[in-house]
Amino acid sequence: MQDFYRRAEFILSAAAVDHMPEDRGAEVAIAGRSNVGKSSFINTMTGIRKLARTSKTPGRTQLINFFALDATRRLVDLPGYGFAKVPPQVQRQWQAMIESYLSSRRSLRGVVVLMDIRHPMTPLDQQLLHWCRATGLPVLAVLTKADKLSRGAAAQTRGKVQRQLAAEFPQAATAEMFSTLKPVDPGAIYARLDEWLDVPH
Ligand code: GDP
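A few points on the structure. Here the structure is a predicted model, which means the values were calculated and not measured. (Residues numbered from 1 in each chain as written. Predicted model: local features only at pLDDT ≥ 70, side-chain atom pairs only at ≥ 80, totals over all residues. Heavy atoms only, no water.)

## Side note on the nonpolar core
Where we set the bar: What we call a nonpolar core is a set of buried Ala, Val, Leu, Ile, Met, Phe, Trp, Tyr and Cys residues that are connected through their side-chain atoms within 4.5 Å. Only protein chains enter the calculation, and the probe is 1.4 Å; a residue is then buried if its accessible area is under 20% of its type maximum, exposed if over 50%, and partly exposed in between. Helix numbering and strand numbering both begin at the N terminus, where a helix is a DSSP run of H or I of at least 4 residues and a strand a DSSP run of E of at least 2. The contact definition used throughout considers only heavy atoms, calling two residues in contact when any of these lie within 4.5 Å.
Ranked by internal contacts, the top residues of the largest apolar core, which has 37 residues, are Tyr-101, Leu-102 and Leu-165. If you list the elements that add at least two residues to this core, you get β2 (26-32), β3 (64-68), α3 (88-104), β5 (108-116), α4 (123-134), β6 (139-144), α5 (151-168) and β7 (172-177). Among all residues touching Leu-102, those that are not within four sequence positions of it are Leu-108, Val-111, Leu-128, Trp-131, Cys-132, Thr-135 and Leu-137. Of all hydrophobic cores here, the second largest spans 26 residues; its members include Ala-26, Val-28, Leu-75 and Leu-193.

## Some words on the pattern of salt bridges
Here is the rule: Think of a salt bridge as a Lys or Arg side-chain nitrogen and an Asp or Glu carboxyl oxygen that are within 4 Å of each other.
Under the counting rule described, the total for this entry stands at 8 salt bridges. For the salt bridge of Arg-74 with Glu-27, the shortest nitrogen-to-oxygen distance reads 2.6 Å. Highlighted residues: Arg-74 in strand β4 (residues 73-77) and Glu-27 in strand β2, separated in sequence by 47 residues. The exposure class of Arg-74 is buried, given its relative accessible area of 5%. Judged by relative accessible area, Glu-27 falls into the buried class, the value being 0%. The shortest N-O distance in the salt bridge between Lys-38 and Asp-77 comes to 2.4 Å. With Lys-38 in helix α2 (residues 38-46) and Asp-77 in strand β4, this residue pair connects regions lying 39 residues apart in the sequence. The structure contains a network of salt bridges with shared partners spanning Asp-23, Glu-27, Arg-74 and Arg-105.

## Remarks on α4
Operational definition: How far a helix is expected to stretch is found by multiplying one less than its residue total by 1.5 Å.
Helix length check: α4 (12 residues) gives 16 Å between terminal C-alpha atoms against 16 Å at 1.5 Å per residue, within 8%. Within α4 the residues assigned to the buried category are Leu-124, Asp-125, Gln-126, Leu-128, Leu-129, Trp-131 and Cys-132. In this structure, the buried side of α4 is in contact with β2, α3, β5, β6 and α5. Gly-136 occupies a position one or two residues after α4 and carries a positive phi of about 70°.

## Some words on the layout of surface pockets
What counts, and what does not: The pocket and cavity definitions rest on a 1 Å grid over protein atoms only: a 1.4 Å probe that fits but cannot leave marks a cavity, an open set with protein on both sides within 12 Å along at least five of seven lines marks a pocket, and residues lining either have an atom within 4 Å of a point. Grid points are joined across faces, edges and corners, and a volume is the space filled by probe spheres set on the points. Here the nonpolar group is Ala, Val, Leu, Ile, Met, Phe, Trp, Tyr, Cys and Pro; Asp, Glu, Lys and Arg are the charged ones; every other residue, Gly included, is treated as polar.
In this structure, the second largest pocket encloses a volume near 160 Å³. If you go around the second largest pocket, the residues you meet are Ala-146, Arg-151, Ala-154, Ala-155, Arg-158, Glu-176, Met-177, Lys-182, Val-184, Asp-185 and Ala-188. By residue class, the composition of the lining of the second largest pocket is 6 nonpolar, no polar and 5 charged.

## Brief notes about the packing of α3 against α4
Definition in use: Angles run from 0 to 180 degrees between N-to-C directions of axes, and those axes are lines fitted to C-alpha atoms, restricted for helices to the stretch in contact. Angle categories: roughly parallel below 35 degrees, roughly antiparallel above 145, roughly perpendicular from 65 to 115, and oblique for all the rest. Should the near helix be turned anticlockwise from the far one by less than a right angle, the crossing is termed left-handed; should it be turned clockwise, right-handed.
At a minimum axis separation of 10 Å, α3 and α4 run at an interaxial angle of 30°. When the interaxial angle is binned, α3 and α4 end up roughly parallel. In the packing of α3 onto α4, the handedness of the crossing is right-handed. Along its contact with α3, which presents Gln-91, Trp-94, Gln-95, Ile-98, Glu-99 and Leu-102, the element α4 presents Leu-124, Gln-127, Leu-128, Trp-131 and Cys-132. Tallied by class, the residues present in the contact of α3 with α4 amount to 7 nonpolar, 3 polar and 1 charged.

## Thoughts on the site of the ligand
Just so we agree on the cut-off: Definition of nearness: a residue and a molecule or strand are near each other if at least one heavy atom of the residue lies within 4 Å of the molecule or strand. Pairing of N or O atoms within 3.5 Å defines a polar contact, subject to two protein rules: one partner must be a possible hydrogen donor and the other a possible acceptor, and residues neighboring in sequence count only if both atoms are side-chain atoms. For the area figures, the Shrake-Rupley method with a 1.4 Å probe applies, and any residue is considered shielded solely by the protein chains shown.
Close to the ligand lie 15 residues; Lys-38, Ser-39, Ser-40, Asp-147 and Thr-180 are nearest. Within the backbone of Asn-35, one N or O atom sits 2.8 Å away from an oxygen atom of the ligand. Contact with the protein chains hides 72% of the accessible area of the ligand, taken as 580 Å² for the molecule alone. Of the residues that constitute the shell around the ligand, the class distribution is 2 nonpolar, 7 polar and 6 charged.

Nothing here speaks to function; it is geometry throughout.
Take a look at the structure:
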């Protein structure tokens, strides 16, 4: 139900687990390295052009951003990782916050892990997948910027990623493709979000 996601509204940005909205209802987190296309993904999936701009505000890039879909359902924008020149201390902070969020958040139903189709499964992507596996969280891998590869090469990468996920991260359902430029049917991605959030049809 794509229209459901158009209701998304920014709630707040949290720097720590105790600043987050009340842990009730259901939420889906969206994660990926910086520049993977996470803001574009959130804006496209909700149809709200500037929704994710809050996460681009300087000083807010290390925060967890919450968006309400309705009274009990939320989308959560996790801070991007893998910045080129991040000091080790900031890197550790990111890791601690994400790990604590993933392991303690009871309303979290699943994690969308965005990976650039040209270089998926980076060490930090795998770190994130490990945390999700450790906490038993379902994952949907989304390969962004699918327009950057030919159809054949994109399909080949998807197959390779799916095989690696099946072998190492069995809680990751599938890898879907996404692009803001090329028509790629996002139906399977909406279906997964609907399922996790139990969106009524
Ligand atoms: P974020 O840092 O992960 O939030 O990434 P952004 O959404 O800001 O996107 C980073 C850059 O990648 C921007 O220049 C976008 O225009 C570009 N981008 C995002 N999605 C796509 C896509 O599907 N295809 C292409 N070719 N570029 C994209």
